[in-house]
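Close look at the chain arrangement
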Amino acid sequence: MTVRNLEHAFRPRSIAIFGATARPGSVGSAVTANAIGGGFEGDIWLVNPRHATLHGRPCHRNARALPGVPDLAIITTPPRTVPDIVAELGALGCRAAVVITAGLTADNGLRQAMLDAARPNLFRIIGPNTLGLMLPLLQLNASFAHMAPKPGNLALLSQSGAIAGALIDWAAARNVGFSCVASLGDMADVDVADWLDLLAGDGHTHAILVYLEGMANARKFMSAARAAARLKPVIALKAGRHELAAKAAKTHTGALSGSDRAVDAAFSRAGILRVDGLADLFDAAEITARFAPVESARVGIVTNGGGAGVLAVDELSARADELAALAPATRERLDAVLPPTWSRANPVDIVGDADAGRYRAAVDIVANDPAVEVVMVFNCPTKLASSVEAARAVTGLAEKGTVAGKPVIACWLGEQTAREARSVLTSAGVASFATPADAARALTYLADWSKAQNALLRVPASGGEDVSADRASVLTTFRRVAAEGRRMLTEIEAQSVVAAYGVAVPETLIARTPAEVGAAATHLLENSAAVAVKLLSKAISHKSDIGGVVLGTESAEAAVAAAQTIGRRVAEKAPDAVIDGYTVQPMIVRRNAQELIAGMSEDAIFGPVILFGAGGTAVEVMADTAVALPPLDDVLAGDLIDRTRVGKLLAGFRDRPPANRSAIVAALNGLSQLVVDFPCVVALDINPLLADAEGVIALDARVEIDPNAVNQQGPNPRLAIRPYPARWERVVSAGGANYTIRPIKPTDIALYPNFLAKISPDDIRLRFLAPRRYFPDRMLKRLTQLDYERDMAFVAIDADGALAGVARLCCDPDRARGEYALLVRSDLQGHGLGWKLLDQIVTYARAERIGRIEGIVLGDNTAMLKMCQEFGFSAACDPKEPSTTLVALNLAPMAAEPETGAD
């Protein structure tokens, strides 16, 4: 639905517990005891018609008998009673409830009855079938957990109540505290996306931990996750990596889990760090909340024990982390301060008698090496030097856990001796771990999170600026196939489609009879040593499975014989199939070419995914493929290549030159654009896609479409990530100057300091409804990094590339309404640029079928109020704040503009 009214659950001033009881062993008893004993300073009202008092407190018969309207209700009553309780609470003005009760399912109709009761009042339901909700900063424990979490700055969202309870216990032993622990339960209404939206703006939450088993709405999840991950680390443990676990998760939650590779791809694009185990959630949160993302994770190691360095390198190599190559100048500086027996390489072994001074010098030099991005420091206890003093030497160099601006990861080995040294390190803000494996794992977390953060900033345009495509010819092909009632394209049709999106294909001739095959072969053999003869049949897509491909025929006679052989095989293995003819192609011989596969498939949760990897007939055996969510750009396509083993082979080895990486990237971008442009494409693969230094060529292609969706216009609505809406770019004239109005991009954050410097304090007050001098980086990120699904901002860029104005529309996820805001540089006001920006917002909202635009305008902002009046906005005094005016414009939906794949 939306985050509307969810704040009542997050910051309640009063709660009511339905099903409160003192009966030992009952859920209601545990919830009541936890809530009363937790120290919550707001009102706690108990509801149970069987009791007059409980725990020395009045007990009320029902919601109508309560002394006031609770901000939050906690419901533990039998399933059949829940819909009526929800309806009664909603009628009173309550807007949120945690439904701990299990047994409200789709099968018995109670789940839908509960939702139906909630809908008229936008009543929010957390659960059902949940452990409860814990808000330690408010001392509210509305759960039946066995212990209360400590206050802290981590938020925990868990789809499993049992896992939530275990993590609370685990955290207590590690002295880790929480700002919020929400057991999500069956997510009938409030889901993980709603919580991510809410927690993204919570200043008390520094990182969000998520245990997830499944989800329902991929685009909603991605939108919320991307918004949250731009502001703070989001670390997820997603169960169901393997098929049996995925089935168990579905049984547990009733939600699809999606293929695990698609989950990986989605988390990466959302900026989420995925971990493998429960304990990893806390370790990852510590390292990511402590440091900013790094460009790379090349590590420089300083150690007083060679063995520790070797163990660290083993761990780093296993995780594909990279050692930095020390510069000659760095080695010279180390020569000057270290004994002659130092390792003279990375890891930098400063020898077992290293004292605090030697540690300080070595760490400082290594940290200042230009190739080093992260510094790892190890210490093994010896009789010759103090481990504690070595720790103090490191902390003396460190500032906020970094040296020379680079993250420091420390590992003091041992236990009794190391305990005090670790305390010194952690007290000074240096990340400290007990073993080389733990330290290496922390580095991997930082590296993976940094990559995900970089992917988060990519905003490929749906228009495919770098993709040359013949959309009209592809649409003609798809319409012809659909008119014939087919889903599968023939090989020749499939090749024409991929060729229209820039993927080279061999010359292909169609022959209807074996005799025509001979004539075609004669023509092709003039420039080729051999030809391939393939079956052409609308009924058979996997030609090789029935022997429908004959390679290497070197004469016209052999080609005729090959066609006749194919005909006999079809008659034997697929007697009902109609042979439409044969295709004849020149044999493509590229000695150093690598066989690849590139394609697209549909994930049950995340929609279309792009696949790339090692191809050929053994593609399933090789099992070397990776997937990514479209739309792609050059960087994202390159990342996809690099996630495969064959990607390393493409870089060249021995006497084989590197393949043309740009051509492979272009092919992946072309397939991505095809998927964006045509929602009717449901499956596609090119196998093999030959790649070498000359480029790429698709030797075979298969395309499946949904005939009923052929005329559906792009961008593809099934994409989990909405493309950059390039079609909303236009040039306008205002005050005699031209401006480019376009959707905002993450890189526009660099334009904001100069823009804000040219806004007067009074204009800042009028825009933000209060004086403001400081715009923190977190706020600027929220303003510039959008996913274009719920929020939109248009920037006006002048001829010099400077930011001249911004218009913004923030919509509820249900898109029923959106709140607008507008800001034009003070020196450019009064020339019509604000009008142009507001017109862009209104036009966009109509096209997107937003029902209503609303705004809050200060009463003395006469220019804005006048412009709103001219646009047809209604205006009314805000009853809660007399100094502000509420303006609104109801929009009649207009027909969507024709789109040809360019959003």
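In this text the structure is predicted, and so the values were computed from the model without any measurement.

To continue, consider the sheet that holds strand β24 (residues 581–586). Spatially, four strands are ordered β21-β24-β22-β23 in an open sheet, and the strand pairing comes out antiparallel. The sheet terminates laterally at β21 (509–511) and β23 (549–553), the two strands that pair on one side only. Going across the sheet, the axis of each strand differs from the next one's by a mean of 25°, ignoring polarity. Relative to β23, strand β22 (residues 531–536) runs antiparallel, the two being bridged by three bridges. Across the sheet, residue Val 533 finds its bridge partner in β23, namely Val 550.

Further remarks concern helix α5 (residues 161–173). Three or four residues apart is the spacing at which side chains of an α-helix point the same way, because the helix has 3.6 residues per turn. Along its 13 residues, α5 runs 19 Å from first to last C-alpha, staying within 8% of the 18 Å computed at 1.5 Å per residue. Of the positions making up α5, those classed as buried are Ile 163, Ala 164, Gly 165, Leu 167, Ile 168 and Ala 171. In the core, the buried residues of α5 are packed alongside β8 (132–135), β10 (151–158), β11 (178–183), β12 (207–212) and α10 (278–290). For α5, the capping residue at the N-terminal end is Ser 160, with a side-chain oxygen 3.4 Å from the backbone nitrogen of Ala 162. Immediately beyond the C-terminal end of α5, within one or two residues, lies Asn 175, with a positive phi of roughly 60°.

A few words now on empty space enclosed by the protein. If you walk through the whole model with that rule in mind, you get five cavities of 30 Å³ or more. For the largest cavity, the calculated volume is near 100 Å³. Looking at the largest cavity, it is lined by 13 residues, and the ones nearest its centre are Tyr 752, Arg 767, Val 806, Arg 808 and Leu 823. For the lining of the largest cavity, the secondary-structure elements that each account for two or more residues are α25 (752–757), α26 (761–768), β34 (803–811) and β35 (818–824). Of the residues assigned to the lining of the largest cavity, the class counts are 11 nonpolar, no polar and two charged. Every residue lining the second largest cavity is listed: Leu 489, Thr 490, Glu 491, Leu 535, Leu 536, Ser 537, Ile 540, Ser 541, Lys 543, Ala 701 and Arg 702. Those elements giving two or more residues to the lining of the second largest cavity turn out to be β22 and β30 (701–705). Partitioning the lining of the second largest cavity into residue classes produces five nonpolar, three polar and three charged.

Confidence in the prediction of the protein, expressed as mean pLDDT, is 89, and 95% of residues score 70 or more. Under a pLDDT of 50 for its full length, residues 248–257 has, in the predicted model, 21 contacts with residues more than four places off or in other chains. A low-confidence stretch, residues 894–903 (pLDDT under 50), is modelled with 36 contacts involving residues beyond four sequence positions or located in other chains.

Time to look at a nonpolar patch on the surface. On the surface, Leu 769, Ile 856 and Leu 886 cluster together into a nonpolar patch covering about 210 Å² of accessible area. You can call Leu 886 partly exposed: its relative accessible area is 33%.

Definitions and cut-offs
- Residues numbered from 1 in each chain as written.
- Predicted model: local features only at pLDDT ≥ 70, side-chain atom pairs only at ≥ 80, totals over all residues.
- Heavy atoms only, no water.
- Pairing = 2+ DSSP bridges.
- Helix = DSSP H or I, 4+ residues; strand = E, 2+ residues; numbered from the N terminus.
- Axes fitted to C-alpha atoms, helices over the stretch in contact; angles between N-to-C directions.
- Expected span 1.5 Å × (residues − 1).
- Buried < 20%, exposed > 50% of the residue type's maximum accessible area, 1.4 Å probe, protein only.
- Contact = heavy atoms within 4.5 Å.
- Polar contact = N/O pair within 3.5 Å; in protein donor to acceptor, adjacent residues only side chain to side chain.
- 1 Å grid on protein atoms, 1.4 Å probe; cavity = no way out; pocket = protein on both sides within 12 Å on 5 of 7 lines; lining within 4 Å.
- Points joined across faces, edges and corners; volume = space filled by probe spheres on them.
- Nonpolar A, V, L, I, M, F, W, Y, C, P; charged D, E, K, R; others polar.
- pLDDT = per-residue confidence, 0-100.
- Patch = residues over 30% accessible without salt bridge, like charges linked within 9 Å, V, L, I, M, F, W, Y side chains within 5 Å.
- Areas by Shrake-Rupley, 256 points an atom, 1.4 Å probe, with all protein chains shown as cover.
- Salt bridge = Lys/Arg side-chain N within 4 Å of Asp/Glu carboxyl O.

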